Amino acid sequence: MIRYLLLLLYVLFFIVTFIVTSNGRRVTYASAKAKADFVNITVNSVAPINVQLGQKQIRCLKSCLDNVLCMSFFYNFLSRECRHFGVDFTDPGEGVPENGWKYYTVVRDCRINGYACPTSTGYTFFADICLCYKYVAIKSTHWQAKQYCANIKGYLIKINRKLKQREMERLLASLPVLDSKQENGNIFIQGTRVGNTSKWRYDDGQEITYFQWNKGKSQPQLSTGENVIAMQKVWGSLWHDATAASKIMFVCEVLL
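Looking at an unreviewed UniProt entry, one finds the protein chain named C-type lectin domain-containing protein, with Mytilus coruscus as its source organism.

In structure tokens form, the structure reads like this:
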């Protein structure tokens, strides 16, 4: 009985692994969530950003959390090999069968004290990546959208990983068609073009490396004035560049 209790405590410790206090006011947790459909499967088509041998599972997670580029990892319980990745994997078909592997997605800086995601007032909570967001069906310019988000202590949604992209795809697919142009399915997301270059940055100045451009429509076109990013439902929720003066819907993300 004691053995099973210890095992349960270890599992719980691994799910909610580290608690961090900042300024005595904000308590957050970091965790790894196992994906049930990624068992005895690993991925060889994408190079890991780090490989460690002979590691315990908990050390594999901690070293991933120490690297801001690490979004997920595979751990092999037989060989004790740890592989960190800077991307998410959502389709087991991307992998190849190999015994001993389990796949985990990583969540950082998720708030567990103070207010929770206010789902009763129109917000949605996606627990897999601790994402609290709100779809705003008000046609707005890019500046107006950013200001609205700032007023609710948030910011335009920052899509920096596949799991966030997939959640926005789910959101747009759920929206009813309001008119022939489906304008409600065209939303601003975070991202601004750097001058007249092909580089893009988030609001905090970090360079964007994750994109879902609609290559079939030659996006981004990088035309004069098209210096912000939007995603379009009728284009399979892929991205396009847009003018900041355009008036479309948007999604705000709130830090928990």
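Draft legend 1. Representation of the overall build of the protein chain. The secondary structure content of the protein chain amounts to four helices and 14 strands. Scored against the burial criterion, the 256 residues of the protein chain give a buried share of 45%. Counting only contacts in the protein chain whose residues sit at least 6 apart along the sequence, the fraction spanning at least 24 positions is 67%. Approximately 13,500 Å² of the protein chain is accessible, and the part contributed by carbon and sulfur atoms is 56%.

Draft legend 2. Just the environment of Q232, in detail. On the secondary structure map, Q232 appears in strand β12 (residues 226-232). Along the primary structure Q232 and N186 are separated by 46 residues, whereas in three dimensions their C-alpha atoms are 4.4 Å apart.

Draft legend 3. Inspection of the side chain of K158 at higher detail. Counting through the fold element by element, K158 comes out in the loop between β9 (154-156) and α4 (162-174). Contacts of K158, omitting those with residues within four sequence positions, involve K164, Q190, Y202, D204, Q206 and E253.

Draft legend 4. How the structure looks around the nonpolar core. Grouped together as the largest cluster of nonpolar side chains are 24 residues, with contacts concentrated most on I159, M168, I187, I189, M231, W239 and V251. Of all the secondary-structure elements, those providing two or more residues to this core are β8 (131-140), α4, β10 (186-193), β12 and β14 (248-254). Among the elements that make up this core, the one with the highest residue count is α4 (four residues). Setting aside residues no more than four positions away along its own chain, M231 makes contact with I159, Q165, M168, L172, G185, N186, I187, I189, S237, L238, W239 and H240. Core analysis: the second largest hydrophobic core is formed by 12 residues, A32, L65, C70 and Y104 among them.

Draft legend 5. Representation of helix α3 (residues 142-151). Within α3, burial applies to H142, A145 and C149. For α3, the angular spread of the buried residues around the axis is 65°, confining them to a single face. In α3, those exposed residues whose orientation departs by more than 90 degrees from the buried face are W143 and N151. For α3, the elements touching its buried residues are β8, β9, β10, β12 and β14. Looking one or two residues past α3, K153 carries a phi angle of roughly 60°, positive in sign.

Draft legend 6. Region of the structure containing the environment of K153. Tracing the chain through its elements places K153 in the loop between α3 and β9. Ignoring sequence-local partners within four residues, the contact set of K153 consists of V254 and L255.

Draft legend 7. Expanded view of the pattern of salt bridges. Evaluation of the coordinates by the stated rule reveals 11 salt bridges. Note that E169 is salt-bridged to R166, the shortest N-O span being 3.8 Å. In this pair, E169 and R166 are both assigned in helix α4, three residues apart and thus about one turn of the helix distant. By relative accessible area, R166 is classed as partly exposed at 39%. Residues joined in a network through salt bridges with shared partners are K33, K35 and D128.

Draft legend 8. Spatial organisation of the confidence of the model for the protein chain. Overall, the predicted model of the protein chain reaches an average pLDDT of 84, with 83% of residues at or above 70. Predicted confidence for residues 2-26 stays below pLDDT 50, and this span has 37 contacts to residues more than four positions away or in other chains.

Draft legend 9. A look at the packing of aromatic side chains. A complete count under the given rule lists 16 aromatic pairs for this structure. For the pair F73 and Y104, a centre-to-centre distance of 5.0 Å together with 20° between the ring planes defines the contact as stacked. Note that F73 is positioned in strand β4 (residues 72-76) and Y104 in strand β6 (residues 96-111), a separation of 31 residues in sequence. Residue F73 shares its accessibility class with Y104, and that shared class is buried. For the ring pair Y75 and F77, a centre distance of 5.1 Å and an interplane angle of 85° mean the geometry is edge-to-face.

Draft legend 10. Inspection of α4 at higher detail. Taking 1.5 Å of rise per residue, the 13 residues of α4 would be expected to cover 18 Å, and the 18 Å separating its terminal C-alpha atoms lies within 8% of that figure. Buried within α4 we find L163, K164, Q165, E167, M168, L171 and L172.

Calculation notes
Residues numbered from 1 in each chain as written. Predicted model: local features only at pLDDT ≥ 70, side-chain atom pairs only at ≥ 80, totals over all residues. Heavy atoms only, no water. Helix = DSSP H or I, 4+ residues; strand = E, 2+ residues; numbered from the N terminus. Buried < 20%, exposed > 50% of the residue type's maximum accessible area, 1.4 Å probe, protein only. Contact = heavy atoms within 4.5 Å. Areas by Shrake-Rupley, 256 points an atom, 1.4 Å probe, with all protein chains shown as cover. Core = buried A, V, L, I, M, F, W, Y, C linked by side-chain atoms within 4.5 Å. Arc of directions from axis to C-beta. Salt bridge = Lys/Arg side-chain N within 4 Å of Asp/Glu carboxyl O. pLDDT = per-residue confidence, 0-100. Phe/Tyr/Trp six-rings, centres within 6.5 Å; stacked < 30°, edge-to-face > 60°. Expected span 1.5 Å × (residues − 1).

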